[in-house]
Amino acid sequence: MATLTTTSLSKSFGKTRAIDDISLDIGDGEFFVILGPSGAGKTTTLKSVAGLVDVDRGSVRIAGRSMDGVEPYQRNVAMAFESYALYPQRTVSQNLASPLRSGRSGRYSEAEQKQRIELVTTTLGIDHLLRRFPRELSNGQRQRVALGRVLVRPADVYLLDEPLSHLDAKLRAAMRSELKQLGAMSSTTSLYVTHDYQEALALGDRIAVLREGRLVQVGTPLEVWHEPVDTFVAKALGQPEINLVDAEVDGGVLRAAGGALEVPVPRDSGLAAGDRARIGIRPRDVELGRGAEPATDHLRVRGEVRLHERLGREIELTVDIGGVQLVAVAPGAEQVTEGDAVDLDVPLGKTHVFAAGAPGEDTARIGAPTVPGRNR
Ligand code: ATP
């Protein structure tokens, strides 16, 4: 059990600034997730904590103890990489037992070792593979055994680098909840790297969003979801990406799509008549309009379906509203088709307002529209 603190960690490889000024304060037993696209600096952050990368600047403290000059093997961290190594000539059972028989772990009795192995193998669903050799396993099974090798060893901090990347979608989802339980049971401080926002939201006590080596936002899943600091974070969380619609303040509202979309101006936003901003609407928040009136706090807009695409079990609609394309993933979408006129109900309380920007430019969040009778 230990806290983990990084202060201003920075590392460049030649001209590439892999990480820049990364300061994190991770609580004892916290499951902390780093989320970011490829090349954002996630692995470099993890390796810096493990002592596998010599940072240019900054420091790491584990359990209050400075890691300056402390060798990786002396740090009492256990790290799982996306690519993993197992002893080819040992069975799964022997592979899992070996971390418990060495070094600091040697103090565990046979009974305690057995108990740990049992807990980990049941949680990871590999208890039926114990007698097999690594060559007799699928990639996903091998990855779970490698993860098991890390989790079986008691450590101050677990460092987990995309440990579920080789699993299929169904197994990943199952593994997520199992890992969450294991995390809660073992209460070991964990730093978990992923580029999968669903994994981050499901697993993290808190999430740090990383972009080009810098921290963009640190918060609980609810905070980063409901109050993304900018359009980068809003886009990183959600598939399909959040819709960003250019708007202008006119008569106390933000007007977009030739007047078809009207959203109240956020309170204390400082936005005045004629100012421009962006309205953010998540595709999964949009509903297909039914009945004569939209539900309270919903804005009804009329458009024409331009694209109708199946995404697994769901349908993604691209709807043209006054020349603006709005993506919606809404129940009931299978009943409409390209060229149909549809009503979309947009929940005003779930929309976001961001500063105006050029296409592709990320801009800060201004706030949420002030919806009468609602506090957010
Ligand atoms: P991914 O999700 O693709 O694994 P990441 O977020 O983990 O990416 P890092 O592996 O930390 O990213 O890399 C951050 C940046 O540093 C990238 O631009 C990468 O090319 C660069 N980089 C990382 N390690 C090295 C190295 N040993 N030599 C040169 N450049 C490196």
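Residues numbered from 1 in each chain as written. Predicted model: local features only at pLDDT ≥ 70, side-chain atom pairs only at ≥ 80, totals over all residues. Heavy atoms only, no water.

## Comments concerning the pattern of salt bridges
Rule in force here: A pairing counts as a salt bridge when a side-chain nitrogen of Lys or Arg comes within 4 Å of a carboxyl oxygen of Asp or Glu. In this description a helix means any DSSP run of H or I spanning at least four residues, a strand means any run of E spanning at least two, and both kinds are numbered starting from the N terminus. Buried, partly exposed and exposed residues are distinguished by accessible area as a fraction of the type maximum, computed with a 1.4 Å probe on protein chains only: under 20%, between the cut-offs, and over 50%, respectively.
Tallied over the full model, the rule gives 17 salt bridges. Residues Arg276 and Glu248 are paired through a salt bridge, measuring 2.9 Å at the closest nitrogen-oxygen approach. Taken together, the residues span a long stretch of sequence, with Arg276 in strand 14 (residues 276–281) and Glu248 in strand 11 (residues 243–250) at a distance of 28 residues. Given the relative accessible area of 47%, Arg276 is considered partly exposed. For Glu248, a relative accessible area of 34% gives the class partly exposed.

## A word on the domain arrangement of the protein
What counts, and what does not: Domain boundaries shown here were taken from an automatic or database domain assignment. Only heavy atoms matter for contacts: two residues are in contact if any of them lie within 4.5 Å across the pair. In short, buried area is how much 1.4 Å probe accessible area vanishes from two parts on joining, totalled over both.
Segmenting the protein into domains produces domain 1 (4–235) and domain 2 (240–355). The gap between the C-alpha centroids of domain 1 and domain 2 is 38 Å. Listed as interface residues are seven residues of domain 1 and, on the opposing side, seven residues of domain 2. Counting each side, the surface lost to burial between domain 1 and domain 2 is near 710 Å², with a carbon and sulfur contribution of 63%.

## As for the nonpolar core
Generally speaking, nonpolar side chains in soluble globular proteins are found buried as a group. Filter applied, for reference: Residues belong to a common nonpolar core when they are buried Ala, Val, Leu, Ile, Met, Phe, Trp, Tyr or Cys residues joined through side-chain atoms within 4.5 Å.
In this structure, Leu147, Leu151, Leu160 and Tyr192 are the most contacted members of the largest nonpolar core, which totals 40 residues. Here this core gets five residues from one element, more than from any other, and that element is helix 4 (residues 139–151). Discounting residues that sit within four places of it in the chain, Leu160 has contacts with Phe31, Leu46, Ala80, Leu147, Val150, Leu151, Leu191, Tyr192 and Val193. Within the second largest apolar cluster, 33 residues are counted, among which are Ala247, Leu254, Leu271 and Val371.

## Examining the sheet that holds strand 4 (residues 57–62)
Either a parallel or an antiparallel arrangement is found when strands of a sheet pair, and the pairing is made through backbone hydrogen bonds. Heads up, the rule is: By the convention used here, strands pair only if DSSP detects at least 2 bridges between them.
Read from one edge of the open sheet, four strands run 2-1-4-5, paired in antiparallel fashion. With one partner strand each, in any of the chains shown, strand 2 (16–26) and strand 5 (65–66) form the two edges of the open sheet.

## Concerning the sheet that holds strand 18 (residues 324–328)
With respect to topology, five strands assemble into an open sheet ordered 15-19-16-17-18, the strand pairing being antiparallel. The sheet is open, and its two borders are formed by strand 15 (287–288) and strand 18, each paired with just one other strand. Alignment of strand 16 (residues 298–311) against strand 19 (residues 341–347), held across seven bridges, turns out to be antiparallel. Residue pairing for strand 19: His298 is matched across the bridge by Pro347.

## Quick notes on the packing of aromatic side chains
As a reminder of what qualifies: In this analysis, rings of Phe, Tyr and Trp, with Trp reduced to its six-membered ring, are considered paired at centre separations within 6.5 Å, and the interplanar angle assigns stacked below 30 degrees, edge-to-face beyond 60, and tilted for intermediate values. Two thresholds decide whether a charge sits over a ring: the Lys NZ or Arg CZ must be within 6 Å of the ring centre and within 35 degrees of the ring normal.
Tallied over the entire structure, the rule returns one aromatic pair. Consider the rings of Phe31 and Tyr192, whose centres lie 5.5 Å apart with planes at 40°: the pair is tilted. With Phe31 in strand 3 (residues 31–35) and Tyr192 in strand 8 (residues 189–194), the pair connects residues that are 161 residues apart, well separated along the chain. By the burial criterion, Phe31 is buried, and Tyr192 matches it. The ring of Tyr87 carries Arg90 above its face, with NZ or CZ at 4.0 Å from the centroid.

## Digging into helix 4
Applicable threshold: For a helix, the expected span equals 1.5 Å multiplied by the residue count minus one.
Under the 1.5 Å per step criterion, the end-to-end length of helix 4 is 18 Å for 13 residues, consistent within 8% with the ideal 18 Å. Burial of helix 4 is extensive: eleven of the 13 residues sit out of reach of the surface. Considered for burial, the residues of helix 4 that qualify are Gly140, Gln141, Gln143, Arg144, Val145, Ala146, Leu147, Gly148, Arg149, Val150 and Leu151.

## Re the side chain of Asp345
Quick reminder of the rule: Polar contact is the term for a pair of N or O atoms within 3.5 Å; when the atoms are in protein, one must be able to donate a hydrogen and the other to accept it, and sequence-neighboring residues count only if both atoms are side-chain atoms.
Along the chain, Asp345 falls in strand 19. Among the polar contacts made by the side chain of Asp345, one reaches the side chain of Arg300 at a distance of 2.8 Å. When neighbours within four sequence positions are excluded, Asp345 is seen to be in contact with Asp285, Val286, Glu287, Gly289, Arg290, Pro294, Ala295, His298, Leu299 and Arg300.

## Some remarks on the site of the ligand
Note the threshold: Here a residue counts as near a molecule or strand whenever at least one of its heavy atoms sits within 4 Å of it. Computed with the Shrake-Rupley method and a 1.4 Å probe, the accessible areas treat only the protein chains shown as cover for residues. Residues are grouped as follows: nonpolar covers Ala, Val, Leu, Ile, Met, Phe, Trp, Tyr, Cys and Pro; charged covers Asp, Glu, Lys and Arg; every other residue, Gly included, is treated as polar.
Every residue lining the ligand is accounted for by Phe13, Thr16, Ala18, Pro37, Ser38, Gly39, Ala40, Gly41, Lys42, Thr43 and Thr44. Gly39 is positioned such that a nitrogen or oxygen atom in its backbone is 2.8 Å from an oxygen atom of the ligand. Protein chains bury 58% of the 630 Å² of accessible surface belonging to the ligand in isolation. Looking at the shell around the ligand, the elements that each hand over two or more residues are strand 2 and helix 1 (42–50). Counting residues per element, the shell around the ligand draws most heavily on helix 1, at three residues. Split by residue class, the shell around the ligand holds four nonpolar, six polar and one charged.

## What to know about the packing of helix 2 (residues 92–101) against helix 3 (residues 110–123)
Using the following cut-off: For every element, the axis is a line fit to its C-alpha atoms; helices are fit only across the contacting stretch, and the angle between N-to-C directions ranges from 0 to 180 degrees. If an angle is under 35 degrees, it is roughly parallel; if it is over 145, roughly antiparallel; if it lies from 65 to 115, roughly perpendicular; otherwise it is oblique. We call a crossing left-handed when the near helix sits turned anticlockwise from the far one by less than a right angle, and right-handed when that turn is clockwise.
The contact between helix 2 and helix 3 brings their axes to 10 Å, and the two run at 135°. Our classification of the angle between helix 2 and helix 3 gives oblique. Judged by the twist between their axes, the crossing of helix 2 over helix 3 is right-handed. Contact residues: Leu96, Ala97, Leu100 and Arg101 in helix 2; Glu110, Gln113, Arg116, Ile117 and Thr121 in helix 3. Tallied by class, the residues present in the contact of helix 2 with helix 3 amount to four nonpolar, two polar and three charged.

## Digging into the packing of helix 2 against helix 4
With their axes 8 Å apart at the nearest point, helix 2 and helix 4 run at an angle of 25° to one another. Viewed along their axes, helix 2 and helix 4 adopt a mutual orientation that is roughly parallel. Of the two possible hands of crossing, helix 2 and helix 4 adopt the one that is right-handed. Contact residues: helix 2 offers Val92, Asn95, Leu96, Ser98 and Pro99, while helix 4 offers Val145, Gly148 and Arg149. Grouping the constituent residues of the contact of helix 2 with helix 4 by class yields four nonpolar, three polar and one charged.

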